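Structure at a glance
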Amino acid sequence: MKRGFLRRAATGSLSGLRRYPRHILASVQPAGRPVQRIGHGPDLDHFGRNGLSALWIGHATVLLSIGGVNILTDPVFSHRIGLKIGSRTIGLARLAPPALDIHHLPRIDLILLSHAHFDHLDKPSLRHLASPETTVVTAAHTRRLVPPGFQRVIELGWSEHLSVAGVSLTALRPAHWGARTAYDKHRGYNSYLIQAVGPGSGCERILFAGDTAMTDAFDAVGPVDLAVFGVGGYNPWKHAHANPEQVWSMFSRVRGRLLLPVHHSTFHLSEEPTGEPMQRLLAVAGPDHRRIVCRDPGQVWSASGATTPTSAASAGRGS
């Protein structure tokens, strides 16, 4: 066990040394032109009106509508993530801008935070989103990281249940970790099972897995209508992030109807080529590839069958 841990630590350190110095150097250099989003973004005029709906904005940030409740997962809209030192953020820059401007979001009823890593809990984005109409649900020992201004900030521990903002939530334990730095290893890390409970709502169920390695933690919670799994960041971090084949296995075991893959093509967190996670996921899905939705940032999926691409790549691949 100890030997395996040391091997993973050494491999991860070498990977970081190959990539992080140039990101840090870019962080301290004078800022260039801000990244511009291509096009006008997705049309959200009818988002959520036809039942369960989803929009992948980038990385682990997904806009969901279930039972008329708008939910935002792990909102990260910043150009760069990492430690704030003075006026600069020292860390990784986005490979592509968010598919939707933070100011163009609809009313957000609920924000779900899976854990405290910088690419999932982004304080600048949360400050912009702070509203007395919005509730935040987060993992154990992370509430104080959330900026003020929200209606409520609620910590939910593993296996705990909560009814809030018109949905029922259950926190699940993924195979990951929650520390934001080397000194706060006490912090929790969650996946969430979401189900609408409002009057006239259907029985739709969503699994937001957050970050996880291969695990059987979700086997007993299915079936689900939509499963949101991270498919990138596995090389050399397979002990913390599942690879596409493992994600397809977990999705199958949770008896998911549709899979929305996230955590790829947004930040250079690992060694695999940018396009590899989706290529491998489509390959393992084979003839079931149509069950994979929102393959590109900006695509809107709804239970009515509507899909809205926002780029030529999206239109070419479809959902």
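Please refer to the structure placed before this passage.
Everything numeric in this text was worked out from a predicted model, so none of it was measured. (Residues numbered from 1 in each chain as written. Predicted model: local features only at pLDDT ≥ 70, side-chain atom pairs only at ≥ 80, totals over all residues. Heavy atoms only, no water.)

Within the element layout of this structure, H117 appears in the loop between β6 (110-112) and α2 (123-129). Residue H117 is classed as buried on the basis of its relative accessible area of 10%. Sequence-wise, H117 and G178 are 61 residues apart; in three dimensions their C-alpha atoms are separated by 6.7 Å. For H117, the contacting residues outside a window of four places in its chain are H176, W177, G178, A179 and R180. Polar contacts involving the side chain of H117 include one to the side chain of W177, which spans 3.3 Å. One polar contact links the side chain of H117 to the main-chain carbonyl oxygen of A179, over a distance of 3.2 Å. (Helix = DSSP H or I, 4+ residues; strand = E, 2+ residues; numbered from the N terminus. Buried < 20%, exposed > 50% of the residue type's maximum accessible area, 1.4 Å probe, protein only. Contact = heavy atoms within 4.5 Å. Polar contact = N/O pair within 3.5 Å; in protein donor to acceptor, adjacent residues only side chain to side chain.)

Attention now moves to the nonpolar core. Counting 31 residues, the largest nonpolar core has I71, V137, L169, I194, L226 and L260 as the members making the most contacts within it. Those residues in contact with L226, other than ones at most four positions away along the chain, are L52, A54, L64, R205, I206, L207, L258, L260 and V293. The next biggest cluster of nonpolar side chains, apart from the first, holds 22 residues, and it includes L44, I108, L121 and V146. (Core = buried A, V, L, I, M, F, W, Y, C linked by side-chain atoms within 4.5 Å.)

Moving on to helix α3 (residues 244-253). Given 3.6 residues to a turn, an α-helix orients residues that are three or four positions apart in the same direction. Inspection of α3 places P244, Q246, V247, W248, M250 and F251 among the buried residues, and these make up the whole buried set. Looking at the buried side of α3, the elements it contacts are β13 (224-230), β14 (256-262) and α4 (276-285). The N-terminus of α3 is capped by N243, whose side-chain oxygen sits 3.1 Å from the backbone nitrogen of E245. Trailing α3 by a residue or two, R255 shows a phi angle of about 55°, which is positive.

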